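Each chain, written out:
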Amino acid sequence: MSSGSSAPASDRDMAAVADVPRRMMEAWASQDASAFASLFAKDGTMVLPGDVFRKGVEGIREFMAESYAGPYKGTSVFGVPIDVRFTGRDTAILVTQGGVMAAGEDAVAPEKEIRATWVLGKRDGVWLIDAYHNSPVRLP
């Protein structure tokens, strides 16, 4: 993972920011919409390919609950940080690569790979997602 840094970051903050995707993977593996949504700031946003825009923890939780009961049922998600930079003491931008895997898959299929941009803010010592957006690596 490369680390371009506009602002100095402690090793602890660097590790905490890079850990947010792991926490998301855990919530997804449990198909826990509340745990997933708790990763977001109160007014955080999530933008996904297609017509998906959700704002706020409750809107994100509702979307994920519906998704875990529908198209994401039994799936898992994988993502690794490929870039992180701190734009201030309590703000960071993280870029990851990964994607959603169907039940039984142990790797993201190339046609399902995504890159995601995460804007994170630190509140009361916890890094939360202010904005998340992903897009396909390969266009159809």
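Presented here is a report on the structure given in the accompanying data block. Everything quoted here is computed from the prediction, not taken from an experiment. (Residues numbered from 1 in each chain as written. Predicted model: local features only at pLDDT ≥ 70, side-chain atom pairs only at ≥ 80, totals over all residues. Heavy atoms only, no water.)

## Description of the overall build of the protein
Which entries qualify depends on this criterion: Segments assigned H or I by DSSP are reported as helices when at least four residues long, segments assigned E as strands when at least two residues long, and all are numbered from the N terminus. Partly exposed describes any residue whose relative accessible area lies between the buried limit of under 20% and the exposed limit of over 50%, with all areas from a 1.4 Å probe on protein chains only and scaled to the type maximum. Every accessible area reported is derived by Shrake-Rupley at a probe size of 1.4 Å, with residue values counting cover from the shown protein chains alone.
Across its full length, the protein holds three helices and seven strands. Listed by position from the N terminus, the elements making up the protein come as β-α-α-β-β-α-β-β-β-β. Overall size of the protein, expressed as C-alpha extent along the three principal axes, is 40 × 30 × 25 Å. Out of the 140 residues in the protein, the part that is buried amounts to 40%. Carbon and sulfur atoms provide 54% of the accessible area of the protein, an area that totals close to 7,500 Å².

## Comments concerning the side chain of Asn134
The cut-off we apply is this: Definition of a polar contact: a pair of N or O atoms within 3.5 Å, with one able to donate and the other able to accept a hydrogen when the atoms are protein atoms, and with sequence-neighbouring residues admitted only if both atoms are side-chain atoms. Any two residues having at least one pair of non-hydrogen atoms within 4.5 Å are treated as being in contact.
As for its placement among the helices and strands, Asn134 is situated in strand S7 (residues 126-136). The class of Asn134 is buried, set by a relative accessible area of 10%. Here Tyr132 takes part through its side chain, which lies 3.1 Å from a polar atom of the side chain of Asn134. Here Asn134 is in contact with Val47, Leu48, Pro49, Ile114, Arg115 and Ala116, once residues within four sequence places are set aside.

## Topic: the pairing of S7
Under the convention used in this document: Pairing between strands is defined by DSSP: at least two bridges between them are needed.
The pairing of strand S2 (residues 40-48) with S7 spans four bridges and is parallel. Along S7, the bridge assignment pairs Thr45 with Ala131. Strand direction decides the pairing type here: strand S6 (residues 114-123) and S7, joined by 10 bridges, are antiparallel. For Val119, the partnering residue across the bridge sits in S7 and is Ala131. As consecutive antiparallel partners, S6 and S7 are separated by two residues, and within that stretch Asp124 has a phi angle of approximately 50°, a positive value.

## Examining helix H3 (residues 57-69)
Defined as follows: By this rule, a helix spans an expected 1.5 Å times one less than how many residues it contains. The arc in question is the one traced by the directions running from the helix axis out to the C-beta atoms.
The end-to-end C-alpha separation of H3 is 18 Å, in line with the 18 Å expected for 13 residues at 1.5 Å each. Listing the buried residues of H3 in full gives Gly59, Ile60, Phe63, Met64, Ser67 and Tyr68. What you see down the axis of H3 is that its buried residues fit within an arc of 160°, all on one side. Across H3 from its buried face, at more than 90 degrees, point the exposed residues Glu66 and Ala69. Contact partners of the buried residues in H3: helix H1 (11-29), helix H2 (33-37), S2 and strand S3 (52-55).

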